[in-house]
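# Observations on the model geometry
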Amino acid sequence: MKLKQIISIFIMLSCVFLVGGCAGKTEVPEVRQEKAAEKTGKDTMIYVVRHGKTMLNEAKRAQGWADAPLTDEGVKVTKKLAHGFKKRGIEFDYAYSSDLGRTRQTTGIILKGLGQSELPLREQQGLREVCFGTYEGEKFSKMMEDVSRNLGYENLKQFKQSGTYHIRKRIDGVKSLDKTGYAESFKAVKARMQKSLRSIAEETEKKGGGNVLVVSHGMAIITMLSDMTEQKVPGHLENSSVTKIIYKDGKFHVQSIGDTAYLEQ
């Protein structure tokens, strides 16, 4: 079976489930849904991780609400991340992910590598990637070429060189071309991501704080961070990179963005 046919099957299956509000199932290391013990007297440290590399990442296709499992390389690098956490003495009191298979799989690998497979995993739709509507599963370059021309540029190269190749413009550009009604605006993605992060932070703080693992998606994380820090927010995050955020007295303090040092052996 050709790669294009395999990709089409993944996209069709995942989107059918997701439009109904639940992700397609992916075989992942077991993460049991059990009640976590309450912690006391700790700062609330949130480690926001982009999921490991997937088949659609490898094929350079738009992967929003469409889903695909991690590649062998994606699994390998995620195991490195778990080792990086362990090496630094980091264990988690709570774990969250989006309801998409690739983030659940990534979370399971991290927790297994830390010997914490018993930790309950809480899934939140609010942590999903941006929905690309019509362009789900399309070549990413094709999607951005269409957006570029619709914005008045000759091509994607000119858009990138214009100095206006910002995350907001890209996301809203896709929404303006969408014919399904599912594609999201920058404003909508930022609102749901920040709402989810705040609910996680507040719940953790009420229980006495602790280390929180949150596994989400590249463009969604970038959008969430857009007005949360004075640091420069990059236009791209590497798979399995870590963004560290402290929550204290009702405020978020972004410590680092897209850190890949955890992957170094």
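Residues numbered from 1 in each chain as written. Predicted model: local features only at pLDDT ≥ 70, side-chain atom pairs only at ≥ 80, totals over all residues. Heavy atoms only, no water.

Taken as a whole, this structure holds 7 aromatic pairs when the rule is applied. An angle of 80° between the planes, with centres 4.9 Å apart, marks the rings of Phe-159 and Tyr-165 as edge-to-face. Relative accessible area serves as the criterion here: at 0%, Phe-159 is assigned to the buried category. Following the ring pairs from residue to residue traces out a cluster consisting of Tyr-47, Phe-85, Phe-92 and Tyr-262. Over the ring of Trp-65 we find Arg-128, and its NZ or CZ is 4.5 Å from the ring centre. The aromatic ring of Tyr-165 is capped on one face by Arg-170, whose charged end is 4.5 Å from the ring centroid. (Phe/Tyr/Trp six-rings, centres within 6.5 Å; stacked < 30°, edge-to-face > 60°. Buried < 20%, exposed > 50% of the residue type's maximum accessible area, 1.4 Å probe, protein only. Lys NZ or Arg CZ within 6 Å of the ring centre and 35° of its normal.)

Burial along strand E2 (residues 94-97) is two-sided: Tyr-94 and Tyr-96 and Ala-95 and Ser-97, pointing in opposite directions, are all buried. In the sheet, E2 pairs with strand E4 (residues 210-216) via 4 bridges, with the strands oriented parallel. Paired with Tyr-96 across the two strands is Val-214, which belongs to E4. Across 3 bridges, the pairing between E2 and strand E3 (residues 121-123) is parallel. Residue pairing for E3: Ala-95 is matched across the bridge by Leu-121. (Helix = DSSP H or I, 4+ residues; strand = E, 2+ residues; numbered from the N terminus. Pairing = 2+ DSSP bridges.)

One open sheet accounts for 6 strands, arranged E3-E2-E4-E1-E5-E6; its pairing is mixed. Two strands in the sheet have a free side with no partner beyond their single neighbour: E3 and strand E6 (251-259). Neighbour-to-neighbour, the strand axes of the sheet open up by a mean angle of 20°, direction not taken into account. Its contacts with the sheet place helix H4 (residues 101-113) against strand E1 (44-50), E2, E3 and E4, and it is angled at close to 145° to E4. (Axes fitted to C-alpha atoms, helices over the stretch in contact; angles between N-to-C directions. Contact = heavy atoms within 4.5 Å.)

Between its first and last C-alpha atoms helix H8 (residues 186-206) spans 30 Å; for 21 residues at 1.5 Å apiece the expected length is 30 Å, and the two agree. For H8, the set of buried residues is Phe-186, Val-189, Lys-190, Arg-192, Met-193, Ser-196, Leu-197, Ile-200, Ala-201 and Thr-204. Where H8 ends, the next residue or the one after it, Gly-208, has phi of about 105°, a positive value. (Expected span 1.5 Å × (residues − 1).)

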